[in-house]
Amino acid sequence: QGAGQKGARIQTLTALCAPWQSLCIAGNVKNAGKTTVLNALIAAHPKARLGVSSIGLDGEELDTVSRLPKPRVFLPAGSLLATAEDCLAQSEARARVAARTGIRTGLGEILVASVTRPGNCLLGGPSTVEGMAAVRDSLLRLGADKVFIDGAFARQSHAAAAQAMVYVVGAHASPFQSRVVESAGLALRRFALPGVPEAWQALPAQANPGWLDHQGRYTALAGASALGKPAALLDAVPAGACWLYLPGALDTALADALVARRNEQAFGLIVQSALSLVMSDAALGRLFRLGRGIRVLRPLTLAFVALNPYSPAGHRFDSAAFRQAMRGVTDLPLINVAEDMN
């Protein structure tokens, strides 16, 4: 019965990934448990030819910053991996180079290799969204059925290189469960920001901020910039504006300026993606409480939320209580791969 239950749980994980050919893994904090989730995704697809890469460095025995132990990344024979030349040389698995990408990193050129003998691999992929998109395309072109991209906490932008995201909420973010859940709820609300009407899809070509009236007509704010000058930007927005378009980041300073003028200006906001909201949880919470619309040009899709109630720092949450608390902030499927898959 135990084996049957495990098989059913693995089928659940496989089914959650089924709609998408490429998925990225992002976390709420460093050491959230992303690599554990990656290993679970690999194990859940034993018959697929997988392509795997990372926007950070994954598969090392100790974290290069915290020096905490990390799970290894084990790839079966036939898998494809995209990793830097030095990382490939340090991998325990044997692999044959199938393609050179021309993408250079501090650890050498990113190579795409086919695993000929299974084993632990060291993943060190490109550091940009454009580089990761090129790697994804190379993996698919060389025969990967599905591509998994492991991410770095500080660079969630890699989510734009995949069709869907798996968000890992780890206890390592705080010893207080309520803080972890509240922060995760804000992040998930940010990731779920809706897209814009099709008529507004030309906005990415605009280099400067601008405003849209009630008919959706766009007017550029020539010379205006949100960077370091939020008051000047908001001063330039006319009373007839229905939406303010921001081609760059929406940061804490601008969010606080919008809150300060909440009784004077009530236009909605359009940004490139959910990842354009770059601010503290406190500022994000204040921005959401304004109640004004926020639209994104490139919406994100979340496949499911992975829960990790264990912190390598030593504290842990009660698994059932953690899941119940997270159910209060999201309707997405919740999976604890360390327990649900074993």
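Just so you know, these numbers come straight off a predicted model, no measurement behind them.

Chemist: Explanation requested: the pattern of salt bridges in the structure shown.
Modeler: Charged atoms that come close allow side chains of opposite charge to pair. Scanning all chains against the criterion turns up eight salt bridges. Measuring nitrogen to oxygen at the nearest pair gives 3.0 Å for the salt bridge that ties Arg136 to Asp137. The exposure class assigned to Arg136 is buried, which follows from its relative accessible area of 18%. According to the relative accessible area criterion, Asp137 is partly exposed, its value standing at 34%. Residue Asp256 is joined to Arg286 by a salt bridge in which the shortest nitrogen-to-oxygen separation is 2.9 Å. Highlighted residues: Asp256 in helix H7 (residues 252-260) and Arg286 in helix H8 (residues 281-289), separated in sequence by 30 residues. Looking at Asp256, the relative accessible area reads 30%, which means it is partly exposed. Arg286 sits in the partly exposed class, given a relative accessible area of 30%.

Chemist: What am I meant to see in the sheet that holds strand E12 (residues 210-212) here?
Modeler: Picture the strands of a sheet paired through backbone hydrogen bonds; they go either parallel or antiparallel. With mixed pairing, the five strands of this open sheet are ordered in space as E13-E12-E14-E16-E18. Looking at strand neighbours, the two that pair on one side only are strand E13 (218-220) and strand E18 (294-296), the edges of this open sheet. Along the sheet, successive strands turn relative to each other by an average axial angle of 25°, direction set aside. Note: strand E16 (residues 268-271) against E18, three bridges, orientation parallel. Bridge pairing in E18 links Val271 to Val296.

Rules behind the numbers
Residues numbered from 1 in each chain as written. Predicted model: local features only at pLDDT ≥ 70, side-chain atom pairs only at ≥ 80, totals over all residues. Heavy atoms only, no water. Salt bridge = Lys/Arg side-chain N within 4 Å of Asp/Glu carboxyl O. Buried < 20%, exposed > 50% of the residue type's maximum accessible area, 1.4 Å probe, protein only. Helix = DSSP H or I, 4+ residues; strand = E, 2+ residues; numbered from the N terminus. Pairing = 2+ DSSP bridges. Axes fitted to C-alpha atoms, helices over the stretch in contact; angles between N-to-C directions.

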